[in-house]
Amino acid sequence: MSASIISGTEISKTILSEISKEVETIKASHGKVPGLVTLLVGNSPASRSYVTLKIKTALKLGFHEVQDEQPDDISEDALLALIEKYNQDDAINGILVQLPLPKHIDEDKVLNAIDPDKDVDGFHPINAGRLLIGGNAIKFPPCTPAGIQELIVRSGVETKGAEVVVVGRSNIVGKPIANLMLQKGPGANSTVTIVHTGTKNLDTHCRRADILIVAAGVPDLVKPEWIKPGACVIDVGVNRVGERISPKTGRTNAILKGDVDFEKASEIAGSITPVPGGVGPMTITMLMKNTLKSLKYKLGLL
Ligand code: GUN
């Protein structure tokens, strides 16, 4: 069997074009566009490249985009004061603080200072609680899990009654995607199991999965023989396993590998996401969707 490829790049393009149309409509009817601030602290090349992509995407969509860069040695109090400034700013609907933050800053304190109604990352405890309650209580689902659900739904995979096995229990991916998939309603209604480093017989659980979501951060953790024939495999892993020099640009690029052996798994799965080009592009797209949603809540359109 050769699996069909679930392309996050292609599905992202479709969703971004839907967002772009909605931005135009709201601009015409209400004279407002979504406002996003991206706060980058320090000079990590990986964080800078993620933030640059977010900024480019927001600008392409016609968002109001504020690029705020702060030095590595900014004090926690100064960062908290900045967040409060954006909480009060009427033109800003979404506040994105790129993680990780420098060691001297308490990350939880900073994330908890963001107005939950501008928390487009969905990391604030209030939004985590809303996700647990489910249904209309969910305001901003965290971007990577929301993107995973879109990939599953838009590639036509049946979720109702499906056995979903999530490998990994992080607050950013594992726990929220499990909560999204167990909700009652379309695109979910699944039977969900979370497995983790303390789980016995990891393989036995994975073999049961109609939909296998792997977010462990361990290259090639899931063996091809653990995959149920015909299953949908979503690989969230982005592991840097080396570097290569691009013959085109001469620049050094990271060699990325997922948590699943893509080549071998493709022979068994029914559908599978590649790394890169699978879940990755969806995270930024869902950040844009959440920022648009935030404006819609504010305008009473949701
Ligand atoms: N760093 C790595 N992933 C993310 C993310 O989804 N949001 C933020 N704010 N920082 C990150």
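Thresholds, definitions, all that
- Residues numbered from 1 in each chain as written.
- Predicted model: local features only at pLDDT ≥ 70, side-chain atom pairs only at ≥ 80, totals over all residues.
- Heavy atoms only, no water.
- Near = heavy atom within 4 Å.
- Polar contact = N/O pair within 3.5 Å; in protein donor to acceptor, adjacent residues only side chain to side chain.
- Areas by Shrake-Rupley, 256 points an atom, 1.4 Å probe, with all protein chains shown as cover.
- Nonpolar A, V, L, I, M, F, W, Y, C, P; charged D, E, K, R; others polar.
- Buried < 20%, exposed > 50% of the residue type's maximum accessible area, 1.4 Å probe, protein only.
- Helix = DSSP H or I, 4+ residues; strand = E, 2+ residues; numbered from the N terminus.
- Contact = heavy atoms within 4.5 Å.
- Pairing = 2+ DSSP bridges.
- Axes fitted to C-alpha atoms, helices over the stretch in contact; angles between N-to-C directions.

A.B. asks: I would appreciate a short explanation of the site of the ligand in the present structure.
C.D. replies: Around the ligand, the surrounding shell consists of L96, V97, Q98, L99, D121 and F123. Between the ligand and the protein, one listed contact pairs a nitrogen atom with a backbone N or O atom of V97 at 2.8 Å. When isolated, the ligand has an accessible area of 280 Å², and the protein chains bury 78% of it. Of the residues contributing to the shell around the ligand, the split by class is four nonpolar, one polar and one charged.

A.B. asks: What should I look at first to understand helix α7 (residues 174-182) in this one?
C.D. replies: An α-helical segment advances 3.6 residues per turn. Residues three or four places apart therefore align on the same side. The element α7 is largely enclosed, with a buried count of seven among its nine residues. Within the sequence span of α7, burial applies to G174, P176, I177, A178, N179, L180 and M181. For α7, the elements touching its buried residues are α5 (125-133), α6 (143-154), β5 (163-167), β6 (191-195) and β7 (211-214).

A.B. asks: Would you take a moment to explain the sheet that holds strand β2 (residues 35-41) for this structure?
C.D. replies: Hydrogen bonds between backbone atoms are what pair the strands of a sheet, whose relative direction is either parallel or antiparallel. Pairing is parallel in the open sheet, where three strands are placed in the order β3-β2-β4. On the outer flanks of this sheet lie β3 (64-70) and β4 (94-97), each paired with one strand and no other. When the angles between neighbouring strand axes are averaged without regard to direction, this sheet yields 15°. Docked against the sheet, helix α2 (residues 45-60) engages β2, β3 and β4, running at close to 165° with respect to β2. Sheet contacts for helix α3 (residues 76-88): β2, β3 and β4; angle to β2, the most-contacted strand, approximately 175°.

A.B. asks: What should I look at first to understand the sheet that holds β5 in this one?
C.D. replies: Strand order in the open sheet formed by six strands is β1-β11-β8-β7-β5-β6, and the pairing between neighbours is parallel. Both edges of this open sheet fall to β1 (4-5) and β6, since each of them pairs with a single strand only. Two strands pair when backbone bridges link them, and β1 and strand β11 (residues 271-272) are joined in this way by two bridges, in the parallel orientation. From the neighbouring strand, I5 faces β11, where its bridge partner is I272. Of the strands in this sheet, β5, β6 and β7 touch α7, which is tilted by about 170° from β6.

A.B. asks: Even after reading the chapter, I still don't get the pairing of β4, so can you show me in this structure?
C.D. replies: Note on strand geometry: in a regular strand, side chains alternate between the two faces of the sheet. Residues G94 and L96 line one face of β4 and the alternating positions I95 and V97 line the opposite face, and both faces are buried. Pairing geometry for β2 and β4, over four bridges, is parallel. Bridge pairing in β4 links T38 to L96.

A.B. asks: When you look at the pairing of β2 in this model, what are you seeing that I'm missing?
C.D. replies: By the criterion of burial, β2 is predominantly enclosed, with seven of the seven residues buried. A two-sided burial pattern is seen for β2, the buried positions comprising G35, V37, L39 and V41 on one face and L36, T38 and L40 on the other. Here β2 runs beside β3; their pairing, made up of seven bridges, is parallel. Paired with L40 across the strands is E69, a residue of β3.

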